[in-house]
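# What the coordinates show
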Amino acid sequence: MEIIVPIKQVPDVALNIKVKDGAVVEEGLSYVISSWDETALEAALQITEDVGGEVTLLTIGPEKAAESLRKGLAMGAHKAIHVKYNEAKQTDSFAYAKILQKVLEGREYDLILTGKQAQDTDAGLTASMLAEFLGLPQVTNIIRFSDVSEQSITLYRKGDHATEVLEMELPGVVTVNDSLNEPRLASMRGIMMAKKKPLEEIELDAIGVSVEMSGAQGSMTEVLQYDKPESRKEGKSFEGDETETVKQAMELLVSEAKFLA
Amino acid sequence: MTQRMWKNHELKKNYDVVIIGGGAHGLATAYYLAQLGITNVAVLEQKYLGYGGSGRNTAILRSNYRTEEGIKFYDQSLGLYEDLAGELDFNLMFSRQGHFTLGHSTAAVSGLVTRAENNKALNVDSYILDPQEIKKMLPEIDITDHPRFPVHGALYHPPGGIIRHDAVVWAYARGADRKGVQIHQLTEVQDIIVDNGKATGVVTNRGTVSCNTVISVVAGWSSEVCKKVNVKLPFVTHPLQALVTQSYKPWLNHVVVSGTLHIYLSQTDRGELVCGNGIDTYPHYGMRSTLGFLESYAAHVLELFPVLHNVAVQRQWAGLCDMTPDYSPIISPIDEINGFYVNGGWGTYGFKAAPASGYNTAQMVANGKTPEMIEPFRYNRFAENRLVGEKAAASVGS
Ligand SMILES: Cc1cc2nc3c(=O)[nH]c(=O)nc-3n(C[C@H](O)[C@H](O)[C@H](O)COP(=O)(O)OP(=O)(O)OC[C@H]3O[C@@H](n4cnc5c(N)ncnc54)[C@H](O)[C@@H]3O)c2cc1C
C-alpha cells in the first residue's frame with residue numbers, strides 16, 4: 001500500500017499569535033505540522049504497519065517546512081517530498097491543490113490521506129479540490145477506517161444520529177477528523193533515523209508549475225487583511241469570606257449582568 | 001476556603017528594596033531578606049514567577065565543582081536545600097540519587113580526578129569509579145568499546161540529585177509572602193532611576209516606585225537590565241534546550257552527565273526522563289526549540305544507552321542562560337551606583353545555587369558588607385584577573 005500524506009506546516013496555535021497592522025506578526029512564531037495532518041500520518045503509519053507498504057510525506061512550503069517533514073519522518077514516515085515554495089501568504093486552497101496535482105501526476109499511489117482542514121486557515125478545501133483535479137473519489141472527515149486492501153477501504157463518518165459507513169475504491173482521497181487517533185510521539189531512534197531517510201526536493205518549474213499557476217496569480221481568493229478577534233471583557237473576581245463574596249456575585253448577576261432578573 | 005500561595009497587591013509608591021526578577025534567586029533573596037527583618041520588599045516579575053530559567057531547568061543539584069570558591073559555595077547551597085522542604089513546609093521532592101560525570105578519555109578522567117581530590121579536601125563526597133563499577137550502578141549503560149567515545153571512568157557524587165523546580169519557586173514565593181514581602185507579577189522594570197550616583201527607584205509598566213536598593217536578579221536578561229544603568233558586565237546570553245520523554249518504569253536511579261557527548265539525563269519520580277544538551281552555540285534571546293537539538297541528543301544518548309531507542313519524546317523547550325567568561329556567577333554591589341546590586345551569571349548551572357545565592361545576597365544587602373562566601377564572585381574579578389574557573393565542572397549537565 002503506497003500512501004501519500006500531504007502535510008502543511010502551520011504556526012503553532014498553542015502559542016500566542018499576534019496580529020498587527022492587518023498582518024500576522026512573524027516574530028516569535030514557532031511552526032508545527034497541522035494537527036489534523038498529524039492524525040492522517042498516524043493513520044497512514046498504522047495502515048502500512050498492518051498491510052505493508054510505504055508512507056510518503058509531501059509538503060509545499062519554504063525552507064523551514066523541511067523541519068516538519070523531518071519530524072514526520074521521525075514519527076515513522078518512509079520518505080518525503082519537499083516542494084520548495086515561498087509564496088504561502090498569497091496562496092489559497094485552489095492554488096495549493098493545483099500544485100499538489102502537478103506533483104502527484106505520474107506518481108504511483110493507492111491512497112492520499114490528509115487532514116480535514118489546515119490549522120491556520122481552517123478552510124478545508126484543498127483535499128477536495130485535489131481529488132477533483134486528479135479525478136479520484138473522496139471521503140472527508142472520517143472518524144474510523146477498516147478493511148483496508150489494495151482495492152478498497154471502509155470509512156466511517158459521524159453524523160448527529162448515526163455513523164455513515166462507506167466503502168471507497170482505491171486510489172482515492174481521504175481526509176481525517178482528529179478523533180481518529182492519537183498521533184504517536186517520535187522515539188529517540190526515530191529522530192536519529194529521520195536524518196537518513198530520503199527527502200526529495202522539487203522546484204516548481206521542474207513539475208511544470210508556471211508563475212500564473214502559483215501564488216496570488218494562481219489563487220481564486222485573496223486575503224485582504226487579518227483583524228484581531230475582539231477581546232473578551234475582563235472578568236470579575238471576588239476575594240474574601242465566602243458568604244460575602246457569593247452575595248456580591250449574586251447582586252452583580254442581577255443588577256449588572258441582568259442574568260437573574 | 002481556597003488559600004492563595006501568595007497575595008496580589010497594589011504597587012506601592014515606595015519600598016526599601018526592589019528585587020527585579022521572580023525566579024528562584026529573586027524569590028530566595030526576598031525570603032532571606034525578610035528573615036533578616038527587611039520586609040518592605042517588592043519582587044517585580046515581568047511575566048509570571050518561574051518564567052525564566054527557574055521554570056525551565058532540569059533541576060540537577062550537586063556541589064562537586066572544581067575550585068575552592070565554587071565547591072564551598074555550591075556545597076552551602078546543597079546544605080540549605082537539604083533542610084528547605086522542612087523550613088518552607090513544602091514538598092520539594094528532593095531526590096538524592098547520586099550524580100555521575102562520565103569521562104570518555106584519559107585526559108577527561110584525569111580532570112575528574114582533580115575534581116575528586118579538590119572535593120575531598122573540602123569534605124564534599126565525590127570519588128572516581130571505573131567502568132565495571134559504573135556498570136554495577138547503571139546496568140543499562142554501554143561500557144564496551146563500541147561507542148565512538150567509550151566510557152573510561154566517572155566522577156561519582158552521592159549527595160547530588162534532582163528536585164522539583166517549580167516547587168522550589170512556589171515555596172520561596174509563599175515563604176517570602178508570609179513574611180510580608182510583596183510579589184508583583186506582570187510588572188516589568190523598564191528603567192532604573194539613578195540620582196547622583198545612587199539608585200533611587202524603578203519605572204515599571206504599572207508606575208514608578210522609589211526605593212533605597214535595587215537588586216537585579218534576572219539571569220538571562222542581566223545584560224538588558226544592566227544596560228538601563230549603563231553598566232557593562234561580561235554576560236552573554238545563550239539559549240539552552242531540554243526535553244522530556246514519556247513516563248517509564250523506574251530504571252535509571254542516578255543523574256548521568258557526559259561532557260564529551262554533550263548530554264545528560266535523569267529520571268523523575270513520575271518516570272519521565274529529563275534530558276539536556278550543552279548551550280546553543282550562538283548568543284540569542286529566542287526561546288525556541290529546534291529539531292537539531294533533538295537529533296543531536298538522540299544520536300548521542302543512544303551511544304550511551306542503546307536501550308532508549310524506543311523511548312518517545314514528549315515535549316521540548318528552551319530557556320536563556322547568562323554565561324560568564326569563567327562560568328561562575330557575579331554577585332556584587334556595583335561600585336559606580338550606590339544601592340545597585342547584581343546577582344547573575346547563573347548560566348546553565350544556577351538552579352542549584354538559588355538558596356546560597358539568595359541567602360548571601362540578602363546578607364550583603366542587609367549588612368552592607370559582602371559575605372566572605374561570595375567575595376570571590378565580585379564583578380571586579382574580571383578586571384583584576386582573579387577568575388573562578390569552573391568551565392570544566394559547570395558546563396553541560398549543569
Ligand atoms: C534548559 C535548562 C536547563 C537547566 N538545568 C539546570 C540544572 O539542571 N541545574 C542547575 O543548577 N541549573 C540549571 N539551569 C540554569 C538555571 O535554570 C538558572 O541558572 C536559574 O534558574 C536562574 O534563576 P534566576 O532566578 O536567577 O533567574 P530566572 O529564573 O531566569 O528568573 C529571572 C526572571 O527575571 C524576569 N525579568 C527579566 N527582565 C525583567 C524586567 N526587566 N523586569 C521584571 N522582570 C524581569 C524574567 O521574566 C524571569 O522570570 C538550566 C537552565 C535551562 C534553560
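Residues numbered from 1 in each chain as written. Chains lettered and ligands numbered in written order. Predicted model: local features only at pLDDT ≥ 70, side-chain atom pairs only at ≥ 80, totals over all residues. Heavy atoms only, no water.

### Let's talk about the overall build of chain B
- The secondary structure content of chain B amounts to 9 helices and 18 strands.
- Referenced to the eigenvectors of the C-alpha coordinate spread, the extents of chain B come out at roughly 65 × 55 × 40 Å.
- When each of the 398 residues of chain B is scored for burial, the buried share is 59%.
- Intrachain contacts of chain B at a sequence separation of at least 6 include 76% that bridge at least 24 residues.
- Taken as a whole, chain B presents about 15,700 Å² of accessible surface, with 50% of it coming from carbon and sulfur.
- Once the 34 positive and 36 negative side-chain charges of chain B are each reduced to a mean point, those two points are 5 Å apart. (Helix = DSSP H or I, 4+ residues; strand = E, 2+ residues; numbered from the N terminus. Buried < 20%, exposed > 50% of the residue type's maximum accessible area, 1.4 Å probe, protein only. Contact = heavy atoms within 4.5 Å. Areas by Shrake-Rupley, 256 points an atom, 1.4 Å probe, with all protein chains shown as cover. Lys, Arg positive; Asp, Glu negative; His and termini not counted. Charge placed at Lys NZ, Arg CZ, Asp CG, Glu CD.)

### Digging into the overall build of chain A
- Scanning chain A from terminus to terminus reveals 7 helices and 14 strands.
- A total of 261 residues make up chain A; the buried ones form 41% of that total.
- Within chain A, contacts between residues separated by at least 24 positions form 68% of all contacts whose residues are at least 6 apart in sequence.
- Averaging the positions of the 27 positive and the 44 negative side-chain charges in chain A gives two centres separated by 4 Å.

### Some remarks on the interface of chain B and chain A
- Between chain B and chain A, the residue contacts involve 22 residues of the former and 17 residues of the latter.
- Between chain B and chain A, a total of about 1,800 Å² is buried, with carbon and sulfur atoms accounting for 63% of that surface.
- On the surface where chain B and chain A come into contact, there are 2 salt bridges.
- Residue A:Glu239 is joined to B:Arg4 by a salt bridge in which the shortest nitrogen-to-oxygen separation is 3.7 Å.
- Counting the contacts that link chain B with chain A gives 6 residue pairs in polar contact (both at pLDDT 80 or more).
- Those elements that provide at least two residues to the side of chain B that touches chain A are strand S12 (236-247), helix H7 (291-304) and strand S16 (313-323) of chain B. (Buried area = accessible area lost by both parts, 1.4 Å probe. Salt bridge = Lys/Arg side-chain N within 4 Å of Asp/Glu carboxyl O. Polar contact = N/O pair within 3.5 Å; in protein donor to acceptor, adjacent residues only side chain to side chain.)

### Re the nonpolar core
- Counting 66 residues, the largest nonpolar core has A:Val5 and A:Leu113 as the members making the most contacts within it.
- Broken down by element, this core gets its largest block of residues, 8 residues, from H7(B).
- Residues contacting A:Val5, with those up to four places away along its chain left out, are A:Asp37, A:Ala40, A:Leu41, A:Ala44, A:Val55, A:Thr56, A:Leu57, A:Leu58 and A:Leu113. (Core = buried A, V, L, I, M, F, W, Y, C linked by side-chain atoms within 4.5 Å.)

### Observations concerning the domain arrangement of chain A
- Along its sequence, chain A is organised into domain 1 (2-218) and domain 2 (230-261).
- Taking only C-alpha atoms into account, the centre of domain 1 of chain A sits 47 Å from that of domain 2 of chain A. (Domains from an automatic or database assignment.)

### Brief notes about helix H3 (residues 106-121) of chain B
All names here are of chain B.
- With 16 residues, H3 should reach 22 Å at 1.5 Å per residue; the first-to-last C-alpha distance of 23 Å fits that figure.
- Regarding H3, the residues found buried are Val-109, Leu-112, Arg-115, Ala-116 and Asn-119. The arc enclosing the buried residues of H3, seen along the axis, measures out at 115°, which places them on a common side. Away from its buried face by more than 90 degrees, H3 exposes Thr-106, Ala-107 and Ala-121.
- Those residues of H3 that are buried are in contact with helix H2 (68-88), strand S4 (99-103), strand S5 (127-129), strand S6 (153-157) and helix H9 (391-394). (Expected span 1.5 Å × (residues − 1). Arc of directions from axis to C-beta.)

### A word on the site of the ligand
Residue and element names in this part refer to chain B.
- Taken together, the neighbourhood of the ligand is formed by 38 residues, with Glu-45, Gly-53, Ser-54, Phe-351 and Lys-352 sitting nearest.
- Backbone polar atom of Ala-24 to an oxygen atom of the ligand: 3.1 Å apart, as the coordinates give it.
- One of the side-chain nitrogen or oxygen atoms of Gln-46 is found 2.9 Å away from an oxygen atom of the ligand.
- Computed on the free molecule, the ligand has an accessible area of 1,000 Å², of which 99% lies beneath the protein chains in the complex. (Near = heavy atom within 4 Å.)

### Looking at the domain arrangement of chain B
Residue and element names in this part refer to chain B.
- Parsing chain B into structural domains produces domain 1 (17-57 + 166-235 + 326-394) and domain 2 (95-159 + 236-323).
- The straight-line distance from the C-alpha centre of domain 1 to that of domain 2 is 29 Å.
- With 19 residues of domain 1 at the interface, the matching set in domain 2 holds 14 residues.
- Scanning the region where domain 1 abuts domain 2 turns up 0 salt bridges.
- For the pair domain 1 and domain 2, the number of links is 6 residue pairs in polar contact (both at pLDDT 80 or more).
- Looking at the side of domain 1 that touches domain 2, the elements that each hand over two or more residues are helix H6 (222-227) and H9.
- When residues of the side of domain 1 that touches domain 2 are assigned to their parent elements, the largest contribution, 3 residues, is made by H6.

### What about unusual backbone geometry?
- The omega angle of the peptide bond from A:Leu170 to A:Pro171 is 0°, so this bond is cis rather than trans.
- Residue placement: A:Pro171 occurs in the loop between strand S12 (163-169) and strand S13 (172-176).
- Positive phi values are uncommon outside glycine, yet B:Ala219 reaches one of about 40°.
- Tracing the backbone through its elements, the reader meets B:Ala219 in the loop between strand S11 (207-216) and H6.
- Take B:Ala219: its relative accessible area is 25%, and that puts it in the partly exposed class.

### Here we look at the side chain of B:Ser357
Residues and elements named next belong to chain B.
- Structurally, the position occupied by Ser-357 is in helix H8 (residues 354-367).
- A residue is classified by how much of its surface remains accessible, and Ser-357, at 0% relative accessible area, is buried.
- Not counting residues within four places of it along the chain, the set of residues in contact with Ser-357 comprises His-25, Phe-73, Asn-343 and Trp-346.

### Quick look at the sheet that holds strand S11 (residues 152-158) of chain A
Residues and elements named next belong to chain A.
- With antiparallel pairing, 3 strands are arranged side by side in an open sheet as S10-S11-S12. The strands lining the two open edges of the sheet, one partner per strand, are strand S10 (144-146) and S12. Averaged over all adjacent pairs, the angle separating strand axes in this sheet is 25°, with direction ignored.
- Sheet topology note: the S11/S12 ladder contains 7 bridges and is antiparallel. Counted as the bridge partner of Lys-158 is Thr-163 from S12. (Pairing = 2+ DSSP bridges. Axes fitted to C-alpha atoms, helices over the stretch in contact; angles between N-to-C directions.)

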